[in-house]
Structure formats: structure tokens, C-alpha cells
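# Fold and geometry: a report
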Amino acid sequence: MSLLGTLARLEAVRSGRAEPLATVGHRRISDRPMVVVPLTAAGESGAPLAVLLGTDREAPRLHVVPQPLNRTLRFDFLAAFAADLLPYLESFGADVEQIEGSEKDPETGEKTQIFRELCTDAPQLIVPNSAGLHHLALLGRSTRFRRTIEDADPGPYPAPARVPLLGRWLTHLTERAQVPGSSLLLPMTGLLSRHWATGQSHLEDQHLAARLAWHSPPAGLGGAEAAELAETARDADGLLLHPPAGPVTDPRFDELVLAPAIARYDAAVAALRHAGSDGPGGGEERARSRLKEALDQVHTALAGVLLPTWRDVWAGLDLMRSLPPAAHLEERWTGDRWSYTGHRDRLAAGEPPQPRQDDAVTAARKLAQREREQVKVEVQEALDDPLAMAERRLAGEAFTGRVVDVTPDWDTSGRSPKPRPLVTVLTPDRPHADLGREVHRAHAATSQRAVVTEVDPRAGTVTVRVTSGMGRRKEPDPGSLPEPGEQVTFTLFELTARQSAPLPEPDDTPWTHGGPPGADRAPAAPAAPAGTVAAFSTEDWE
């Protein structure tokens, strides 16, 4: 945790309310997000129990597994979930724009102009917390390889045809969620934690209702008291007044409500089976009515658990929409659109599902991409948000101040003199700026580097020699240098993510990482066209 984050938490404890950690929204919120609130059955990891989803906060749709131990009912649930979610995911694939790029001919080496399709928008899933995201990943892992009734050898438990497709989409979205800065699949607690600090721990922040209690505590209560009330308050029957956001349920609810409802459902199913065996007039109509009544009771019980979390997620979206969008959001969203378009194309091409485990080459590429995106997100957030830049200033990685002097100077060591002016900044910051350290001017019209030439802690000044970003003439271009009295920010970190070292070609990979050459391995991803965003070149493995 950063120093500023710690101070914000302390301030939240003092004020009793959530304190801002950002002045802008650093994650994109879609105009039509799909909210997904899943529940799992107790006793078996990843076993689905129910899901509440929809794009309209007033019209959620509920799907349940009335008997979680019944494999057929599980596939019926997954088929209904797929029929509900897939049209939303696929609805963004038809509207595309043409992006111009270039591609090198493998034989001649010449570049040729090409056009690639890029979807103009992409879906966005919002889940209550990171545990819900993990549950969707488990669902994707367990369903994308299922045999279907349309296969030549469907096996003993064939799944409905759309279930494996649902698994492939869930796997892609949960993989993409691990890329820093991505907005295709977001946990609400993570969104709120990035933009506001509370006076409780990160683990406690995973309880969405308690997290939101810090934003709007009831009258007469502070954030801590309201959060404790949201977590522990129970009714006369011992049930939580505000159920947890899941995907696991409260054990007391399982014992007092869910288990009896499932038992009644089992009894109704058995009664219907016996009624049917007795032939016409054997009470089949009454048995069907009892079964419907038992099924309604399961639906009612699970809806009662899910609806408070459903409303909390939408309340969190309202909070996020109260923030203006960050300047670099659209750039990162373009990377998400490339990711979505690439997966759409792989499905259309009939490529096989994502493997259960990545090979060494793919794992290395994923790691390199995530490291690069992490650096890029941190830099972009610092440039977009004064509070994010303040964290870097407190860490000695940047300094902001007023320009007090600009002295013209030239480098005459070459054949022609080059402008190398000195800029002196009066700043309250104490950057780790050793003499000769390269610094970068933030928010400049063009990329501009400088070198630290003098640091005077007593006077509070830092003098830098500008070395680039002034044009090609003997005199600096007008407006390329800050004027005395202007506020400027210099960073000790680069303002663009540096490209990582290239990975070896698959044929050059050592035997420890998939070699020797000629060994079976996953096909290499095609090269990205030049002129597109960097994210495009790394999306083909997802």
C-alpha cells in the first residue's frame, strides 16, 4: 500500500466516510454493462447454484439449480445461462470499423497495406467481487471442453450445444481481466477500492455491502459501525439482514432456508415420479402442482439472497459514473476491443478451445504483456490524475513546482550548436534526483527529456538541462520551453512503457520451454499489422 493510500485510510477512520483515492475514473464503465451475480453450492468448489444477471437494473433475470447434486439440472442451468449471456456477448461483433495497417511479405520482405476489422464496441461484465470473477473462471474451465449432443461421440453426459461456447467466452473474459487496465470484466469491490479508501482492511473491503456502507452510512452512524451492521446484523430467525455478495452463501441460510427448500423439491420430484407410475388419475396433477410450488420456493429463497447484492452492484456503478473519465481510458478500451475482436475471429475460424494449461512460450508472452500493461497503466494514471501523481511525488519519483528561471545555453561540442537551456524549478518535493539523472516533462505538447544538473535542498530548487523536444533549429521552437512562473512536473520514470526484450522464435525455444525444434507445440500467433495499437500484437493467444 502506498503512503497516500495509508493516509487516506487513516482519514477515512477519522471522518467515518470513504475518502477519494482518485479524481477521475480509471476504468471504463460501459453504457450497457451486464451485471452478473453468481452463487455457488456449498461443499463443492465451483458448483453453480444460481445467477442473477441483466443489463437493466429494474429487470434482473434469475437462473437456479434446484438440486445442485443433479448433473442434468446443472447443464440445464448452464444452457439457460448461455442462452441469456451469449446474445449479449455476441451482439457487439457485427458493428466494425476498418483499421489500416501494414504487413511484411514473408518472401520479399516488403510491407503491404492491409485493413483489419475492429469492433466499435465490446461487452462489459460486472461481478460483485473477485471471488465472483474466480467462479466465472471455474465455470469457463469446466465447460469449454464439454462434449455436446451434436458431437459424433457425445459421451454419457452430453452438454447442450451452447455450453462449451459459454465456457470459451468466460475463459477469455477472465483471462483478459488479469491484464492491468482492462475493463471487459471487472469486480465491483476492486473498482471501488481503486477509487476510494475506507477505514477497514482489504479483506473486509471484499464484502460489497460493508464497502458501500462507508460511502453512505445511515444517519447517526459512522462508516465502521455501518459496515459492521451490514456484515453481522441478523433477524429473529438468525438470518443475515444483508446476505454476503457471494458466490458462497451464509451457512445459516443454507441450514434454515435452502436445505429445506431443496428437500421439498426432492420430495415433490419423487411424488411426481410415483404419481406417474400409478397411471392416469394417480394424483399426477397434484404432484405437478407441488413440484411447481417447491420450485418457486427455491427461486424465492435464492432471489432473496441475490437481490441485495444486485442492488449494491448498481449502486457501485452509480458511484463510478459520478467520476469523469480519465484521459487515457479510450486508449486502453481500444486494447479491450482488439481483444474482443480477436476472440470473435478465433471462434469464427473454428479454432479449438483455450488449453487447460499454457505452454511455456504462451505463459512467457502473457507474463510479458501483463508486466508491460502494468507499467503503462501506472504511468497513464499518474498523468491523468493529480492524486496518482501525488503518490509518485511522495515516493520521490517526480517533482512539481514553479519555474523560476530559464537560462539559454547551447551544446557546442558538435558541428553546429544545439539548444540546451537550463530550467530551474522551485519545488516543495524531494525527488531522488541525483546529478545526471534523466527526467521527463509531464503534460508537455511533445515528449521532452532533461538531465538534472543541480539540486539545492535549502533553496528548494532543482535545475535541469533540457535535451530534447525543442525542434531542430538553433533556437528552441516557440512554446517548447516552460515560461517563468509556469507550473511544471518532471518525472524520474519514463512516460511510455518500454518494450520488453523480444522472446525467441518457437523454433529457437530451448527444450526446457517447449523445444527442441520440431516438437509438437501450439501454433504461433500471427504477427500484428504495423500501425495498430500495441495490444493487438499480444491478443492472439487469448
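### Notes on the overall build of the protein
When its secondary structure is counted, the protein shows twelve helices and 17 strands. Viewed in the frame of its principal axes, the protein has a C-alpha envelope of about 105 × 70 × 40 Å. Going through the 542 residues of the protein one by one, you find that 47% of them count as buried. Counting contacts in the protein only where the partners sit at least 6 residues apart, residues at least 24 apart contribute 67% of the total. For the protein, the accessible area works out to roughly 26,900 Å², and carbon and sulfur atoms hold 53% of it. Averaging the coordinates of the 59 positive side-chain charges in the protein and doing the same for the 75 negative ones gives two points 1 Å apart.

### A few points about helix α4 (residues 163-176)
Helix length check: α4 (14 residues) gives 20 Å between terminal C-alpha atoms against 20 Å at 1.5 Å per residue, within 8%. Counting buried residues along α4, twelve of its 14 residues qualify, which places the element largely inside the surrounding structure. Those residues of α4 not exposed but buried are V163, P164, L166, G167, R168, W169, L170, T171, H172, L173, T174 and R176.

### Observations regarding the layout of surface pockets
A probe matching the size of a water molecule, rolled over the atoms, marks out where space remains unfilled. In this structure, the second largest pocket encloses a volume near 800 Å³. As for the second largest pocket, its lining consists of 32 residues, and the residues nearest its centre are R27, R194, Q374, V377 and E381.

### Looking at the environment of R393
Within the element layout of this structure, R393 appears in helix α12 (residues 386-394). Each C-alpha atom of the pair R393 and P431 lies 7.1 Å from the other, and the pair is 38 residues apart in sequence. With residues up to four places along the chain from it excluded, the contact list for R393 reads A398, F399, T400 and D429.

### Re the pairing of strand β4 (residues 61-64)
Two elements, strand β3 (residues 48-54) and β4, share four bridges in a ladder whose sense is antiparallel. The partner of L53 across the bridge, within β4, is R61. Remark: six residues form the turn of the hairpin made by β3 and β4, two consecutive strands paired antiparallel.

### Here's the deal with the nonpolar core
If you look at the biggest cluster of nonpolar residues, it comprises 82 residues, and the most contacted ones within it are V36, F81, L85, L125 and L302. The leading source of residues in this core is helix α9 (residues 284-321), at 13 residues. Not counting chain neighbours up to four residues away, the residues in contact with F81 comprise V36, V51, L53, H63, L139, L166 and L170. V423, A433, V452 and V462 belong to the second largest nonpolar core, which has 16 residues in total.

### Structural notes on the pairing of strand β14 (residues 438-441)
For β14 and strand β15 (residues 449-456), the ladder comprises three bridges, and the chain directions are antiparallel. Looking at the pairing, E438 lines up with V451 of β15. Where β14 lies against strand β17 (residues 487-491), two bridges are found, and the strand directions are antiparallel. Residue pairing across strands places R441 opposite F490, the latter belonging to β17.

### Observations regarding the sheet that holds β4
An order of β4-β3-β2-β7-β8 is seen for the five strands of this open sheet, with the pairing classed as mixed. Edge positions in the open sheet fall to β4 and β8 (185-187), since each of these has one partner strand only. Sheet twist, expressed as the average angle between the axes of neighbouring strands with direction ignored, equals 20 degrees. Here strand β7 (residues 125-127) pairs with β8 via three bridges, running parallel. Across the sheet, I126 pairs through a bridge with L186, a residue of β8. Where helix α3 (residues 130-143) meets the sheet, its contacts fall on β2 (34-40), β3, β7 and β8, and the angle it forms with β2 comes to roughly 80 degrees.

### Focus: the side chain of R168
Relative to the helices and strands, R168 is located in helix α4. Buried and unpaired, R168 has E351 as its nearest opposite-charge partner, separated by 6.0 Å. There is a polar contact of 2.8 Å between the side chain of R168 and the backbone oxygen of E351. Not counting residues up to four positions away in its chain, the partners in contact with R168 are R144, H343, L347, E351, P352, P353 and Q354.

### A closer look at the packing of α3 against α4
Their axes nearest at 7 Å, the elements α3 and α4 cross at an angle of 135 degrees. Taken together, the axis directions place α3 and α4 in an arrangement best described as oblique. Two packed elements cross with a definite hand, and for α3 against α4 that hand is left-handed. For the pair formed by α3 and α4, the contact residues are L133, L136, A137, L139, G140, R141 and T143 on the first element and V163, P164, G167, L170, T171 and T174 on the second.

### What about the pattern of salt bridges?
This model, assessed by the stated rule, comprises 25 salt bridges. The residue E330 makes a salt bridge to R28 at a minimum N-O spacing of 3.5 Å. Remark: R28 occurs in the loop between β1 (19-20) and β2 and E330 occurs in helix α10 (residues 329-348); sequence separation between them is 302 residues. Its relative accessible area of 17% is what places R28 among the buried residues.

Procedures and definitions
- Residues numbered from 1 in each chain as written.
- Predicted model: local features only at pLDDT ≥ 70, side-chain atom pairs only at ≥ 80, totals over all residues.
- Heavy atoms only, no water.
- Helix = DSSP H or I, 4+ residues; strand = E, 2+ residues; numbered from the N terminus.
- Buried < 20%, exposed > 50% of the residue type's maximum accessible area, 1.4 Å probe, protein only.
- Contact = heavy atoms within 4.5 Å.
- Areas by Shrake-Rupley, 256 points an atom, 1.4 Å probe, with all protein chains shown as cover.
- Lys, Arg positive; Asp, Glu negative; His and termini not counted.
- Charge placed at Lys NZ, Arg CZ, Asp CG, Glu CD.
- Expected span 1.5 Å × (residues − 1).
- 1 Å grid on protein atoms, 1.4 Å probe; cavity = no way out; pocket = protein on both sides within 12 Å on 5 of 7 lines; lining within 4 Å.
- Points joined across faces, edges and corners; volume = space filled by probe spheres on them.
- Pairing = 2+ DSSP bridges.
- Core = buried A, V, L, I, M, F, W, Y, C linked by side-chain atoms within 4.5 Å.
- Axes fitted to C-alpha atoms, helices over the stretch in contact; angles between N-to-C directions.
- Salt bridge = Lys/Arg side-chain N within 4 Å of Asp/Glu carboxyl O.
- Polar contact = N/O pair within 3.5 Å; in protein donor to acceptor, adjacent residues only side chain to side chain.
- Parallel < 35°, antiparallel > 145°, perpendicular 65-115°, else oblique.
- Left-handed = near helix turned anticlockwise from the far one by under 90°.

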